[in-house]
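# Chains, contacts and geometry: an overview
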Amino acid sequence: MSTSQSASAAKVSISLLGGLRRLISSPGLVLYTLRHGRLAGRDEQGNLYFERPAHGIARKGRRWVVYAGPADPSAVAPRWHAWLHRLTDQPLAETGAKPWVKPHQPNLTGTAESYRPAGHDYKGGQRAAASADYESWTPGQG
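## Re a nonpolar patch on the surface
- On the surface, Ile14, Leu31 and Leu34 cluster together into a nonpolar patch covering about 230 Å² of accessible area.
- Note on placement: Leu31 falls in helix H4 (residues 27-36).

## Here's the deal with the pattern of salt bridges
- Counting across every chain of the model gives two salt bridges.
- Here Arg38 and Glu51 are joined by a salt bridge, their closest N and O atoms 2.1 Å apart. With Arg38 in strand E1 (residues 38-42) and Glu51 in strand E2 (residues 48-52), this pair connects stretches of sequence that are 13 residues apart.
- Take Glu51: its relative accessible area is 14%, and that puts it in the buried class.
- Of the charged contacts in the structure, one is a salt bridge between Arg63 and Glu51, with a shortest N-O distance of 3.6 Å. Separated by twelve residues along the polypeptide, Arg63 in strand E3 (residues 62-66) and Glu51 in strand E2 bring together distant segments of the chain.

## A look at the environment of Pro103
- Relative to the elements of secondary structure, Pro103 occurs in the segment after helix H5 (78-84).
- With 26 residues separating them in the primary sequence, Pro103 and Ala77 have C-alpha atoms 9.6 Å apart.

## Describing the packing of aromatic side chains
- Going through the model one piece at a time under the given rule, you end up with five aromatic pairs.
- Taken together, a centroid distance of 6.0 Å and an interplanar angle of 20° make the contact between Phe50 and Trp64 stacked. Here the residue Phe50 occupies a position in strand E2, and Trp64 occupies one in strand E3, the gap between them amounting to 14 residues. Taken as a pair, Phe50 and Trp64 share a single burial class, namely buried.
- Among the aromatic side chains, those forming a connected cluster through ring pairs are Tyr32, Phe50 and Trp64.
- A cation sits over an aromatic face here: Arg62 above Tyr32, 4.7 Å from the ring centre.
- Above the plane of the ring of Trp64 lies Arg62, whose end atom (NZ or CZ) is 5.4 Å from the centre.

Cut-offs and rules
Residues numbered from 1 in each chain as written. Predicted model: local features only at pLDDT ≥ 70, side-chain atom pairs only at ≥ 80, totals over all residues. Heavy atoms only, no water. Patch = residues over 30% accessible without salt bridge, like charges linked within 9 Å, V, L, I, M, F, W, Y side chains within 5 Å. Areas by Shrake-Rupley, 256 points an atom, 1.4 Å probe, with all protein chains shown as cover. Salt bridge = Lys/Arg side-chain N within 4 Å of Asp/Glu carboxyl O. Helix = DSSP H or I, 4+ residues; strand = E, 2+ residues; numbered from the N terminus. Buried < 20%, exposed > 50% of the residue type's maximum accessible area, 1.4 Å probe, protein only. Phe/Tyr/Trp six-rings, centres within 6.5 Å; stacked < 30°, edge-to-face > 60°. Lys NZ or Arg CZ within 6 Å of the ring centre and 35° of its normal.

Keep in mind these values describe shape, not function.
Structure follows, in C-alpha cells:
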C-alpha cells in the first residue's frame, strides 16, 4: 500500500495500528485514529500515514504518522515529510530518488553508538594538542 489511492480503501483496525500493546501504550493515538483516521499510505519502514479531511469550522484537515517502532521523527521518509507538512497534496513519487540518497539511519544521539570526538571522556579523555589550546592564568604568575 504505497499509493494513496490503494491505501485509502484499507479498513483501519487495532491490529493494523499495532494491536493491544499499542492501544495500552498510546490509547489516545489509537482511538483518535480508529475514529477519524483515513489511511493515506505506508512507507518502506512500515510507518502508517493518516489524514482527517477538513470538517466543520476546520479549514484544513489533519495529517499524522503512526510509527512502526519507537517514535522517531527522523524516521519519516522524505517523500512523506512533504505530505505531512502540507507541501504537497500527494506523497512525492519514488521515481525521483537519486543514486546518492542513503537509506535511513536512526538518530543515535544519547545512545552508546552516538558520535564522540577524539578526547571525549568515554574514549579515554586524551587528545592531541591543538594550536587553539591555552594555558590558564593563575594569580602571581608574572
